[in-house]
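# Working through the structure, step by step
Here are the chains, one letter per residue:
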Amino acid sequence: MAKEYKLSAERLEELKQELNYLKTVREKEVADQIKEARSFGDLSENSEYDEAKNEQGKLYSRIAEIENILANCSVIEETDADPDTVRLGSKITVMDTMLDEEETYQVVGSQEADPMNGRISEESPFGKALLGKRIGDTVIVDAPAGNIEYKVVSIQR
């Protein structure tokens, strides 16, 4: 069974635009590179041709990846279902109880995760631990450095 990808409406639109760009503009550019490289002669010793074919392989791989994501995605709906519970799309402020520091994260689908910018995947250990929690709940995350304890301070949509 294919993996289901959870995307925001914005990310879905970005992927559609990227796919359109790759299939129209980029595919023509790579075809032109291959055509130009072929004109240089002997293909067995033609590094430009090899590079253009590698680029074509990467392009088709990315197109297939995006098509797979789009075929198996579900859009995260912004509903009012229990606004006091952490779910996909929630912005959460947590308090690290050991360091007494507050940090803010947004729980997103795996395709949108960017931990360095506070966007954590719902499939990550931290994301899984947060899902379903309420303000005031304690979350224990099993990290490589040991268990880390957080307290949910606020939840926003």
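Position labels on residues start from 1 in each chain and follow its written sequence. Note on the predicted model: pLDDT of at least 70 is required for a residue's local features to be given, and 80 or more for side-chain atom pairs to be given and counted; whole-chain, interface and lining totals, by contrast, use all residues. Processing note: side-chain calculations cover all non-hydrogen atoms of the structure and skip hydrogens and water entirely.

## A word on the packing of helix H1 (residues 9-38) against helix H2 (residues 47-71)
- Close contact between H1 and H2 brings their axes to 9 Å; oriented N to C, the two are set at 160°. Relative to H2, the element H1 is oriented roughly antiparallel. Remark: the crossing between H1 and H2 carries left-handed chirality.
- Looking at the contact of H1 with H2 residue by residue, the classes come out as 15 nonpolar, two polar and twelve charged. For every element, the axis is a line fit to its C-alpha atoms; helices are fit only across the contacting stretch, and the angle between N-to-C directions ranges from 0 to 180 degrees. Only DSSP runs of H or I with at least four residues qualify as helices, and only runs of E with at least two residues qualify as strands; both kinds are numbered from the N terminus onward. Our angle categories are set so that under 35 degrees counts as roughly parallel, over 145 as roughly antiparallel, 65 to 115 as roughly perpendicular, and the remainder as oblique. Should the near helix be turned anticlockwise from the far one by less than a right angle, the crossing is left-handed, and should it be turned clockwise, the crossing is right-handed. By the convention adopted, Pro, Cys, Tyr, Trp, Phe, Met, Ile, Leu, Val and Ala count as nonpolar, Lys, Arg, Asp and Glu as charged, and the other residues, Gly among them, as polar.

## Quick word on the nonpolar core
- Within the largest apolar cluster, 16 residues are counted, with the highest numbers of intra-cluster contacts made by Ile 92, Val 94, Val 107, Phe 126, Leu 130 and Val 139.
- Between two residues, a contact is recorded if the distance between any of their heavy atoms is within 4.5 Å. Ignoring sequence-local partners within four residues, the contact set of Phe 126 consists of Val 94, Tyr 105, Ile 120, Val 141 and Tyr 150. Throughout, nonpolar core names a set of buried Ala, Val, Leu, Ile, Met, Phe, Trp, Tyr and Cys residues whose side chains join them through atoms within 4.5 Å. Only protein chains enter the area calculation, which uses a 1.4 Å probe; residues under 20% of their type maximum are buried, those over 50% are exposed, and those in between are partly exposed.

## Describing H1
- Expected helix span is given by 1.5 Å per residue-to-residue step, counting one fewer step than there are residues. The end-to-end C-alpha distance of H1, which contains 30 residues, comes to 42 Å, matching closely the 44 Å that a straight helix rising 1.5 Å per residue would cover.
- What the bend at a residue measures is the angle between two axes, fitted to the seven residues ending there and to the seven starting there. Bending of H1 peaks at approximately 40° at the position of Leu 22.
- Along H1, the positions that sit buried rather than exposed are Arg 11, Leu 12, Leu 15, Leu 19, Leu 22, Arg 26, Val 30, Ile 34 and Ala 37.
- Residues of H1 that are buried make contact with strand S1 (5-7), H2 and strand S2 (73-75).

## Description of the pattern of salt bridges
- Here, a salt bridge means any Lys or Arg side-chain nitrogen found within 4 Å of an Asp or Glu carboxyl oxygen. Under the criterion given, the structure shown has seven salt bridges.
- Glu 18 is the salt-bridge partner of Arg 62, the closest N and O atoms lying 2.9 Å from each other. Residue Arg 62 is found in helix H2, and its partner Glu 18 is found in helix H1; the two are separated by 44 residues along the sequence.
- Judged by its relative accessible area of 22%, Arg 62 falls in the partly exposed class.
- Since its relative accessible area comes to 26%, Glu 18 is described here as partly exposed.
- Several salt bridges share partner residues, and in doing so they unite Glu 18, Arg 62 and Glu 65 into one network.

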